[in-house]
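If you want the building blocks of each chain, they are given just below.
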Amino acid sequence: MKKTFLSLFSVIFISLLSLMSTFTTAQEVTSGKPDGSVIEVLLIDGYNNHNWRETSPVLKRNLEETGLFEVTVATAPEEKKMDTFQPKFSDYDVVVLNFNDNKKNQQWSENTKKAFQDYVQNGGGVVVYHAANNAFTDWKEYNLMTAVGGWGGRNKTHGPYFYLKDGKPFHDYQSDGPCGHHGPQHEFQIILYEEHPITKGLPPKFMHVSDELYCYLRGPAENTKILAYAHSPKEKRGSGRDEPQLMVTEYGKGRIFHIAYGHAGKHCRAVSFILPFIRGTQWAATGTVTIPVPPDMPTEEKSMTRD
């Protein structure tokens, strides 16, 4: 009887320790920057072939609910006032791009382009979100920052296709064809490719909600690492290739994180989007990641969405 009681006590005690450990990990206190201060984020929107009025508040919420970021939104004005759009990039640790000029051919002024280029060159962080990789087709430096992009009249002159072939990053200079494509929205697996602070601790494979899976992206893809990819199935009118979905690029002293999925607000509340997005934003701003992996991380078979 005594042995049974002690054995039962041991099981309960170990279970409690395990529960406390899980709780502590889930509630781990982190800081935005190494000095303990919050990360200042500039979120740029205003034109897009996607509903930026819906997605920008969700992106802002994803960041600010961590307590690590303070987000300022800069909405580009209508075309005749575009010369007045001159954000002071140097006031921010990282710029999140939810902007795509190609639908109405809206262009930042040359002064603003130069200021942004200098900001990144000198160490400013950038997050390229979904259709922001469609923007500024003929701005060479922007395409170097984003690594790859789609649509907007891009062709072979803008760079090769960039995807994984035989398990390795491949610059396809030979293939001609469309630039930027996705089939009908469907669930797909995000598959980790390269070890990086942004993806450290994540499951090797995790399911994303029904969303657009970009493929046939072109660009210089210089100084770029693929962190994760998804297979674009031909039966879903995809490329049949392993297409990059999470990438990082160096541009001068700047760090750029590129997340290719997240079409609408509901997609941006999927944990498979939230965690790479907030971790990627912290990394672009600071070069480090302190945000822990949450207990509601999706599995290889099942996606997870937050309210």
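Attention here is on the structure that accompanies the text. Numbers given for residues are sequential positions, taken from 1 along each chain in its written order. Since the coordinates come from a predicted model, pLDDT governs what is reported: local features require at least 70, and pairs of side-chain atoms require 80 or more to be given and counted, while whole-chain, interface and lining totals use all residues. Heavy atoms from the whole structure form the basis of all side-chain values; hydrogens and water molecules are not counted.

1. Observations concerning the nonpolar core
Moving on, step 1. If you look at the biggest cluster of nonpolar residues, it comprises 39 residues, and the most contacted ones within it are Val41, Phe257, Phe273 and Phe277.
Moving on, step 2. The numbering of helices and of strands both runs from the N terminus, where a helix is a DSSP run of H or I of at least 4 residues and a strand a run of E of at least 2. Sort the elements by how many residues they give to this core and helix 5 (residues 271-286) lands first, with 9 residues.
Moving on, step 3. Only heavy atoms enter the contact rule, under which two residues are in contact if any of them lie within 4.5 Å. In this view, Phe273 contacts Leu59, Asn62, Tyr129, His208, Ile259, Tyr261, Gly262, His267 and Cys268; residues no more than four positions away in its chain are not counted.
Moving on, step 4. Core analysis: the second largest hydrophobic core is formed by 27 residues, Ile44, Ala76, Met82 and Val95 among them. Definition used in this section: a nonpolar core is a set of buried Ala, Val, Leu, Ile, Met, Phe, Trp, Tyr and Cys residues joined via side-chain atoms within 4.5 Å. Accessibility here uses a 1.4 Å probe with only protein chains present; expressed as a share of the type maximum, an area under 20% marks a residue as buried, one over 50% as exposed, and anything in between as partly exposed.

2. Thoughts on the side chain of Asp211
Moving on, step 1. In this structure, Asp211 sits in strand 8 (residues 205-211).
Moving on, step 2. Among the polar contacts made by the side chain of Asp211, one reaches the side chain of His267 at a distance of 3.5 Å.
Moving on, step 3. With sequence-adjacent residues up to four places away left out, Asp211 is seen in contact with Gln185, His186, Phe188, Tyr261, Gly262, His263 and His267. Whenever a nitrogen or oxygen atom comes within 3.5 Å of another N or O atom, the pair is scored as a polar contact, on the condition that within protein one atom can donate a hydrogen and the other can accept it, and that pairs from neighbouring residues in sequence are kept only if both atoms are in side chains.

3. Comments concerning empty space enclosed by the protein
Moving on, step 1. For each structure, a 1 Å grid was placed over the protein atoms alone; sets of points admitting a 1.4 Å probe that cannot get out are labelled cavities, open sets with protein on both sides within 12 Å along at least five of seven lines are labelled pockets, and lining residues have an atom within 4 Å of a point. Grid points are joined across faces, edges and corners, and a volume is the space filled by probe spheres set on the points. Within this structure, the stated rule accounts for 1 cavity of 30 Å³ or more.
Moving on, step 2. Approximately 30 Å³ is the volume attributed to the largest cavity.
Moving on, step 3. Together, His182, Gly183, Pro184, His186, Leu213, Ser232, Pro233, Lys236 and Gly238 line the largest cavity.
Moving on, step 4. Only Asp, Glu, Lys and Arg are considered charged, only Ala, Val, Leu, Ile, Met, Phe, Trp, Tyr, Cys and Pro nonpolar, and every remaining residue, Gly among them, polar. A per-class count over the lining of the largest cavity returns 3 nonpolar, 5 polar and 1 charged.

4. Description of the packing of aromatic side chains
Moving on, step 1. Between the rings of Phe, Tyr and Trp (Trp by its six-membered ring), a pair exists once the centres lie within 6.5 Å; its type follows the angle of the planes, with under 30 degrees stacked, over 60 edge-to-face, and the other angles tilted. Enumeration over the complete set of coordinates arrives at 23 aromatic pairs.
Moving on, step 2. A ring pair is formed by Phe89 and Trp108, whose centres lie 6.4 Å apart and whose planes are at 35°; its orientation type is tilted. Remark: Trp108 occurs in the loop between strand 3 (94-97) and helix 3 (110-121) and Phe89 occurs in the loop between strand 2 (69-75) and strand 3; sequence separation between them is 19 residues.
Moving on, step 3. Classification of Trp108 by relative accessible area gives buried; the value is 2%.
Moving on, step 4. Judged by centre distance (5.0 Å) and plane angle (65°), the rings of Trp108 and Phe136 are edge-to-face. Of this pair, Trp108 sits in the loop between strand 3 and helix 3 while Phe136 sits in the loop between strand 4 (125-129) and helix 4 (140-146), and the two are 28 residues apart along the sequence.
Moving on, step 5. Judged by relative accessible area, Phe136 falls into the buried class, the value being 1%.
Moving on, step 6. Criterion for a charge above a ring: Lys NZ or Arg CZ within 6 Å of the ring centre, and within 35 degrees of the ring normal. Over the ring of Tyr161 we find Arg218, and its NZ or CZ is 3.8 Å from the ring centre.
Moving on, step 7. The positively charged end of Arg241 is found above the aromatic ring belonging to Tyr163, 4.2 Å away from the centroid.

5. Let's talk about the pattern of salt bridges
Moving on, step 1. By definition, a salt bridge exists where a carboxyl oxygen of Asp or Glu is found within 4 Å of a side-chain nitrogen of Lys or Arg. Per the stated rule, a full pass over the model turns up 10 salt bridges.
Moving on, step 2. In this structure, the salt-bridge partner of Asp93 is Lys33, at a minimum N-O distance of 3.3 Å. Of this pair, Asp93 sits in the loop between strand 2 and strand 3 while Lys33 sits in the loop between helix 1 (2-26) and strand 1 (39-45), placing them 60 residues apart in sequence. By the burial criterion, Asp93 is buried, and Lys33 matches it.
Moving on, step 3. Connected via shared salt-bridge partners are Arg61, Glu65 and Arg269.

6. Overview of the environment of Lys140
Moving on, step 1. Checked against the element boundaries, Lys140 lands in helix 4.
Moving on, step 2. Residues Lys140 and Pro220 lie 80 residues apart in sequence; the distance between their C-alpha atoms is 9.3 Å.

7. So, the pairing of strand 4
Note on strand geometry: in a regular strand, side chains alternate between the two faces of the sheet.
Moving on, step 1. Burial runs high along strand 4: 5 of the 5 residues are buried.
Moving on, step 2. Because side chains alternate across strand 4, one face comprises the buried residues Gly125, Val127 and Tyr129, and the other comprises Val126 and Val128, equally buried.
Moving on, step 3. Strands are labelled as partners when DSSP assigns at least two bridges between them. In the sheet, strand 3 pairs with strand 4 via 4 bridges, with the strands oriented parallel. Across the sheet, the residue bridging to Val94 is Gly125, located in strand 4.
Moving on, step 4. Alignment of strand 4 against strand 11 (residues 254-259), held across 4 bridges, turns out to be parallel.

8. Considerations on unusual backbone geometry
Negative phi is the rule for most residues except glycine; trans is the rule for most peptide bonds.
Moving on, step 1. Although it is not a glycine, Phe136 sits at a positive phi angle of roughly 50°.
Moving on, step 2. Unlike most non-glycine residues, Ala221 shows phi in positive territory, near 45°.
Moving on, step 3. Along the chain, the position of Ala221 falls in the loop between strand 8 and strand 9 (224-231).
Moving on, step 4. On the basis of relative accessibility, which here comes to 5%, the residue Ala221 falls in the buried class.

9. Side note on the environment of Glu301
Moving on, step 1. Within the secondary structure, Glu301 is located in the segment after helix 5.
Moving on, step 2. A residue is classified by how much of its surface remains accessible, and Glu301, at 60% relative accessible area, is exposed.

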